[in-house]
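Structural overview
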Amino acid sequence: KSVVAQYNAEELLSKREQVSNEISTQLVARASKFNLILDDVSITHLTFGKEFAKAIEHKQVAQQEAETQAYVVAKADQERKAAVIRAEGEAEAAELISAAMASAGSGFIEVRRIDTAKEVAGIVSRSRNITYLPSSKNGSNMMLQVGKENHN
């Protein structure tokens, strides 16, 4: 009891080997006074009060919450860095498009317009309920959505 009383509960767990050695040394010394020889002494069971068990549990929960918060902060930092990199990339692309337009005129925009028209035409051609009606000479084109309507 005198050895255990020298340590707090947390130290009893963290310094278990040291506590065991001190207890063994004192027991061997006391046993020798009675002509007893102790070969080995083992601490097999330590019990703590409910308050200490709750304190350990609260400490573990607090550590887990701190780790979670650190992860959230690191994740937010990574997302911020990714957003900055995306914005820089978009700005660089805009500068390249501006430079291309300055040197080649509106040809780049026309190429983009044609690519977009191809993409839309591909989507429309696969759709079963949209019909495309091309116009004659200078009129506007028309798309009709053909589908079942409920008339109540």
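Residues numbered from 1 in each chain as written. Predicted model: local features only at pLDDT ≥ 70, side-chain atom pairs only at ≥ 80, totals over all residues. Heavy atoms only, no water.

**Quick look at the pattern of salt bridges**
Quick reminder of the rule: By definition here, a salt bridge exists when the distance from a side-chain nitrogen of Lys or Arg to a carboxyl oxygen of Asp or Glu is within 4 Å. Every helix listed is a DSSP run of H or I at least four residues long, and every strand listed is a run of E at least two residues long, numbered separately from the N terminus. Under the scheme applied here, a residue whose accessible area is under 20% of the maximum for its type counts as buried, over 50% as exposed, and between as partly exposed, the area being computed with a 1.4 Å probe on protein chains only.
Applying the stated criterion across every chain yields a total of three salt bridges. The partner of K81 in a salt bridge is D77, and the shortest N-O contact between them spans 3.5 Å. Of the two residues, K81 and D77 both sit in helix α3 (residues 50–104), four residues apart, roughly one turn of that helix. On the basis of relative accessible area, K81 is assigned to the partly exposed category, the value being 38%. Here the salt bridges do not stand alone but share partners, grouping D77, R80 and K81 into one network.

**Re the confidence of the model for the protein**
To keep it simple, the criterion reads: Looking at any residue, its pLDDT shows the predictor's confidence there, from 0 to 100.
Here the protein averages 81 in pLDDT, while 86% of its residues score no lower than 70. Within the protein, the element-level pLDDT minimum falls on strand β2 (residues 142–145), averaging 62, and the maximum on α3, averaging 89.

**Here's the deal with helix α2 (residues 16–32)**
Convention followed: Here a helix's expected span is defined as the number of its residues, less one, multiplied by 1.5 Å. Only heavy atoms matter for contacts: two residues are in contact if any of them lie within 4.5 Å across the pair.
Taking 1.5 Å of rise per residue, 17 residues should cover 24 Å, and α2 covers 24 Å from first to last C-alpha, within 8% of that figure. Packed against the buried residues of α2 are α1 (9–14).

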